[in-house]
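Here's the letter readout for the chains.
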Amino acid sequence: MNSVFVRLVIIVFFSIGILNSTLAQSRKKMKKIEKVVSMAQTYLGVPYKYGGMGKDGIDCSALIYNSYRIIDVKLPRTAKEQSKIGSSKSWGNIRAGDIVYFKFKNKGEKWYHSGLIIDVSNNDIKFIHASSSRGVVMSSLMADYYKKNVKKFRRVI
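The structure displayed is predicted, hence computed values, not measured ones.

Conventions adopted
Residues numbered from 1 in each chain as written. Predicted model: local features only at pLDDT ≥ 70, side-chain atom pairs only at ≥ 80, totals over all residues. Heavy atoms only, no water. Helix = DSSP H or I, 4+ residues; strand = E, 2+ residues; numbered from the N terminus. Buried < 20%, exposed > 50% of the residue type's maximum accessible area, 1.4 Å probe, protein only. Contact = heavy atoms within 4.5 Å. Areas by Shrake-Rupley, 256 points an atom, 1.4 Å probe, with all protein chains shown as cover. Salt bridge = Lys/Arg side-chain N within 4 Å of Asp/Glu carboxyl O. Phe/Tyr/Trp six-rings, centres within 6.5 Å; stacked < 30°, edge-to-face > 60°.

Visitor: Tell me what's going on with the overall build of the protein, and back it up with residues and numbers.
Guide: If you tally the helices and strands in the protein, you get four helices and eight strands. Start at the N end of the protein and walk to the C end: the helices and strands fall as α-β-β-α-α-β-β-β-β-β-α-β. Looking at the protein as a whole, 38% of its 157 residues are labelled buried. In the protein, the proportion of contacts linking residues at least 24 apart, taken out of those at least 6 apart, comes to 51%. Accessible area for the protein stands at about 9600 Å²; split by element, carbon and sulfur atoms hold 55% of it.

Encoded structure:
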């Protein structure tokens, strides 16, 4: 009887240790996500500039690149190359900190665009991106223009 009790106590303590470790990892991830989102928000209102990387003008991939650098994640410089990094996620599994990639087509021309998911609620998904016409803004992924052009979601944290 004592050996069964001792084994049970060991299993309980081991399970608590694993749970605490998992919670600590989750907290670390959340802090990283908060840092990335906060960094992206500092660019709100910055004008769009193709190839730009700073507060005087920035493009979509530089916004993602700079936001992730705050947590020492080095991403490629272009949206197309960035879209190959991390793990793929579906509409039902995205969260703040994930990156959304778009593929737009117009008169035979196609281009890639990216944004950072900042909030996922029951009715809406908000993301920050560098719009070529409006600069760095927050938009709804549920707007038809964006929703119909989503190519993929990636998670790097």
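Visitor: Report on the pattern of salt bridges, specifying residues and quantitative values.
Guide: Applying the stated criterion across every chain, the model contains four salt bridges. With its nearest N and O atoms 3.1 Å apart, the salt bridge here joins R77 to D59. Taken together, the residues span a long stretch of sequence, with R77 in the loop between α2 (60–69) and α3 (79–82) and D59 in the loop between β2 (57–58) and α2 at a distance of 18 residues. For D124, the salt bridge goes to K126, with nearest N and O atoms at 3.0 Å. Relative accessible area serves as the criterion here: at 28%, K126 is assigned to the partly exposed category.

Visitor: Describe the packing of aromatic side chains, and please don't skip the residues or the numbers.
Guide: Each aromatic ring pair is specified by the distance between its two centres and by the angle formed by the two planes. Following the criterion strictly, the structure yields five aromatic pairs and no others. A centroid spacing of 5.1 Å and a plane angle of 75 degrees characterise the contact between Y145 and Y146, whose relative ring orientation is edge-to-face. In this structure an aromatic cluster arises from ring pairing among F102, F127, Y145 and Y146.

Visitor: Describe unusual backbone geometry, and please don't skip the residues or the numbers.
Guide: For D72, which is not glycine, the phi torsion reads 65 degrees and is therefore positive. Turning to its location among the elements, D72 is positioned in the loop between α2 and α3.

Interpretation in functional terms is not warranted from these geometric data alone.
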